[in-house]
Amino acid sequence: VKELLALHEFESDNGLDGPEHQYAKLRPWRLKIVNEVIEGKDNKVFDFSHAFRAQDYQKPKPLHGFNHVSRPTTGAISWARKDSHAPLVVFSNSLLTDLHIWDPTIDELICAFPGFRFLRYNTRGYGSSSNEPVDVDVLADDLAGLLDSLGVQRYFAAVRVSLGGAHLQKFRNKISLTLRQIHRLR
Amino acid sequence: MPLDRLSAYKGPGFFCVLSQPSDSLPIDEYHHWYNTEHGPARLKLDNFANGFRYKSRDLGRPVWLACYDLKRVSGLTEPQYTTLREKRSEREHHVLKRMGYLDRRIYTNFSSRGVDKSPAPILLAVTMYVKNNRVDEVDRWYEEVRRALPLRGWRCAHNKYRSISTTSPEFLVGSVAAAFDLLQATVGKRV
């Protein structure tokens, strides 16, 4: 048995499924083909939507959806509105996970809170981050470096799981951000 | 045609990919990636003669077809193309992880008739499983239909052999119909 694909191209105005098509489907030779020569067939109709052009290529932009920020920590920022001053919520994941554990959460949060930005990132050794010995201090410094490279001086809130909580605590102790500043942001 | 013989096939062919984003991949992000990164990167290669996208008409949740005419089927084994797949951008990785359904198909050209003014507004894709290599008989029938009963608005038809599937094993299915059944069953689920 050989798989044969017949691609028929049509104008928008066409006789598909019209009386002439129905008539053609009942011709003896067609019935012979369907009943004796082929074991099965499948028809699908598609509408044209887009033509690719080489000159449309755009290198994926750093701040469009998925963002490759700086090694050794890489992160992604997502937001609904393009406002680089919108309050930022930081998500810090647990051991043995990468930033994608937050994906479903972020999708919902973006819809629910379009005025916020959401940052999640890979800690050292995960995703495309570097692979070096690590402790909670290093992770805290990495986050500081990541926020610095993004031009973020303060964040609105931090969401953390497990190890993410430990190094966020270290981070809080290290940076000049005070609780008072966070309250003011609220 | 096994993958190792793909490199031996220097003739022209056809390459198409059926895909559908899952719920976690917003449709705008999917189209933006496809139309400004993935497709254009392929059209930069000399092997890709053209590239078009189509949207299924009859399925509840649309499936998108990307199709390319290849100057050489063997071009899919050349480094200029394989590098694109091995060194994907981080964004492309992120998009593909959230693809609900993906099916790649490679064909070699068999026969063509009519006047090709690609891209056509409407595409009718008919997949047939032909017994005992009676492909020539099917082809003669097509020629007769075209001569005796041309449908209004018909431009051209291209007959192609399915030569290889590089789809992941879950989607190695016997027919397009089965693929679409599977698709209906997996809608909304990640693969």
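Just so we're clear, the structure is a prediction, and the values are computed from it rather than from any experiment.

Just to check I follow, could you spell out the overall build of chain A for this structure?
When helices and strands are tallied, chain A shows six helices and six strands. Each helix and strand of chain A, ordered N terminal to C terminal, gives the series β-α-α-β-β-β-α-β-α-β-α-α. Evaluated residue by residue, chain A yields a buried proportion of 40% over its 186 residues. In chain A, the proportion of contacts linking residues at least 24 apart, taken out of those at least 6 apart, comes to 70%. Carbon and sulfur atoms make up 52% of the accessible area of chain A, which amounts to about 10000 Å² in all.

Would you mind going over the confidence of the model for chain B with me for this structure?
Low-pLDDT stretches of the model should not have their predicted coordinates read in fine detail. Residues and elements named next belong to chain B. Here chain B averages 80 in pLDDT, while 82% of its residues score no lower than 70. Confidence scores differ between elements of chain B, with helix H6 (residues 176-186) showing the lowest mean pLDDT of 42 and strand E2 (residues 52-56) the highest of 96. Taken as a whole, residues 165-191 scores under 50 in pLDDT and shows 49 contacts with residues more than four places along the chain or in a different chain. Taken together, the chains of this predicted complex give a pTM of 0.62 and an interface ipTM of 0.83.

Explanation requested: the pattern of salt bridges in the structure shown.
It is possible for side chains bearing opposite charge to pair when their charged atoms get close. Applying the stated criterion to the full structure yields 19 salt bridges over all chains. One salt bridge connects Asp139 of chain B with Arg113 of chain B, and the closest N-O pair in it is separated by 3.3 Å. Here Asp139 of chain B is found in helix H5 (residues 135-148), whereas its partner Arg113 of chain B is found in strand E4 (residues 99-114), with 26 residues between them in sequence. We note that Asp139 of chain B, like Arg113 of chain B, is buried. Here the residues in one salt-bridge network are Glu3 of chain A together with Asp103 and Arg105 of chain B, joined through shared partners.

In this structure, what is going on with the environment of Tyr161 of chain B? I would like to understand it.
Structurally, Tyr161 of chain B can be placed in strand E6 (residues 154-165). In sequence terms Tyr161 of chain B and Thr127 of chain B are 34 residues apart; their C-alpha atoms lie 9.7 Å from each other. Beyond its immediate stretch of four places on either side in the chain, Tyr161 of chain B contacts Lys2, Glu3 and Leu4 of chain A together with Ile106, Tyr107, Thr108, Phe110 and Val135 of chain B.

Hey, could you run me through the packing of aromatic side chains in this one?
Two measures describe an aromatic ring pair: the distance that separates the ring centres and the angle between the ring planes. Here the structure, examined in full by the defined rule, presents 14 aromatic pairs over all chains. Arranged with centres 5.5 Å apart and planes meeting at 75°, the rings of Phe48 of chain A and Tyr54 of chain B form a pair that is edge-to-face. With Phe48 of chain A in strand E2 (residues 38-51) and Tyr54 of chain B in strand E2, this pair bridges two chains. What links up through ring pairs into an aromatic cluster is the set Phe52 of chain A together with Phe15, Tyr30, Trp33, Tyr34, Phe48, Trp64, Tyr68 and Tyr81 of chain B. One residue, Arg53 of chain B, lies across the ring of Tyr30 of chain B, its end atom 5.2 Å from the ring centre.

Can you help me understand the packing of helix H2 (residues 27-43) of chain B against helix H4 (residues 90-97) of chain B in this one?
The relative placement of two packed helices is expressed as an angle between their axes plus a distance between the axes. Residues and elements named next belong to chain B. The geometry of H2 relative to H4 is characterised by a closest axis approach of 11 Å and an angle of 125° between their N-to-C directions. By the angle between their axes, H2 is oblique relative to H4. Crossing hand, H2 versus H4: left-handed. The residues of H4 that touch H2, namely those facing Glu29, His32, Trp33, Thr36, Glu37, His38 and Arg42, are Arg91, Glu92, His94, Val95 and Leu96.

Sorry, what's going on with the side chain of Glu3 of chain A here?
Residue placement: Glu3 of chain A occurs in strand E1 (residues 2-10). A residue is classified by how much of its surface remains accessible, and Glu3 of chain A, at 12% relative accessible area, is buried. Polar contacts involving the side chain of Glu3 of chain A include one to the side chain of Tyr107 of chain B, which spans 3.4 Å.

Is there a simple way to explain the interface of chain B and chain A in this structure?
A common way to state how big an interface is: give the accessible area lost once the parts meet. Opposite the 76 residues of chain B that make contact, chain A presents 58 residues. Surface buried jointly by chain B and chain A totals about 7200 Å² across both partners, of which 61% is contributed by carbon and sulfur atoms. Along the contact surface separating chain B from chain A lie seven salt bridges. When the shortest N-O distance is used, the salt bridge between Arg152 of chain B and Glu20 of chain A registers 3.8 Å. Linking chain B with chain A are 33 residue pairs in polar contact (both at pLDDT 80 or more). Class assignment for the residues of the side of chain B that touches chain A results in 40 nonpolar, 15 polar and 21 charged. As judged from the nine bridges shared by E1 of chain A and strand E5 (residues 122-130) of chain B, these two strands associate in the antiparallel manner. Within E5 of chain B, the position partnered with Leu7 of chain A by the bridge is Ala125 of chain B.

Which parts of the structure should I look at to understand the state of the cysteines?
A covalent bond between the sulfur atoms of two cysteines is referred to as a disulfide. Counting across every chain of the model gives zero disulfides over all chains. Just so you know, Cys67 of chain B is unpaired, no disulfide at all, and the nearest cysteine sulfur is the one on Cys16 of chain B, 6.8 Å from it.

Explain the environment of Leu143 of chain A to me, please; I cannot follow it from the model alone.
In this fold, Leu143 of chain A is placed in helix H4 (residues 136-149). Under the relative-accessibility criterion, Leu143 of chain A is labelled buried at 1%.

Looking at this model, I keep getting lost on unusual backbone geometry. Mind explaining?
Residues apart from glycine generally show negative phi values, whereas peptide bonds are mostly found in trans. In this structure, the amide linkage connecting Ser118 of chain B to the following residue, Pro119 of chain B, adopts the cis form with an omega of -5°. Positionally, Pro119 of chain B belongs in the loop between E4 and E5. Positive phi values are uncommon outside glycine, yet Asp17 of chain A reaches one of about 65°. On the secondary structure map, Asp17 of chain A appears in the loop between E1 and helix H1 (19-25).

Definitions and limits used
- Residues numbered from 1 in each chain as written.
- Chains lettered and ligands numbered in written order.
- Predicted model: local features only at pLDDT ≥ 70, side-chain atom pairs only at ≥ 80, totals over all residues.
- Heavy atoms only, no water.
- Helix = DSSP H or I, 4+ residues; strand = E, 2+ residues; numbered from the N terminus.
- Buried < 20%, exposed > 50% of the residue type's maximum accessible area, 1.4 Å probe, protein only.
- Contact = heavy atoms within 4.5 Å.
- Areas by Shrake-Rupley, 256 points an atom, 1.4 Å probe, with all protein chains shown as cover.
- pLDDT = per-residue confidence, 0-100.
- Salt bridge = Lys/Arg side-chain N within 4 Å of Asp/Glu carboxyl O.
- Phe/Tyr/Trp six-rings, centres within 6.5 Å; stacked < 30°, edge-to-face > 60°.
- Lys NZ or Arg CZ within 6 Å of the ring centre and 35° of its normal.
- Axes fitted to C-alpha atoms, helices over the stretch in contact; angles between N-to-C directions.
- Parallel < 35°, antiparallel > 145°, perpendicular 65-115°, else oblique.
- Left-handed = near helix turned anticlockwise from the far one by under 90°.
- Polar contact = N/O pair within 3.5 Å; in protein donor to acceptor, adjacent residues only side chain to side chain.
- Buried area = accessible area lost by both parts, 1.4 Å probe.
- Nonpolar A, V, L, I, M, F, W, Y, C, P; charged D, E, K, R; others polar.
- Pairing = 2+ DSSP bridges.
- Disulfide = S-S within 2.5 Å.

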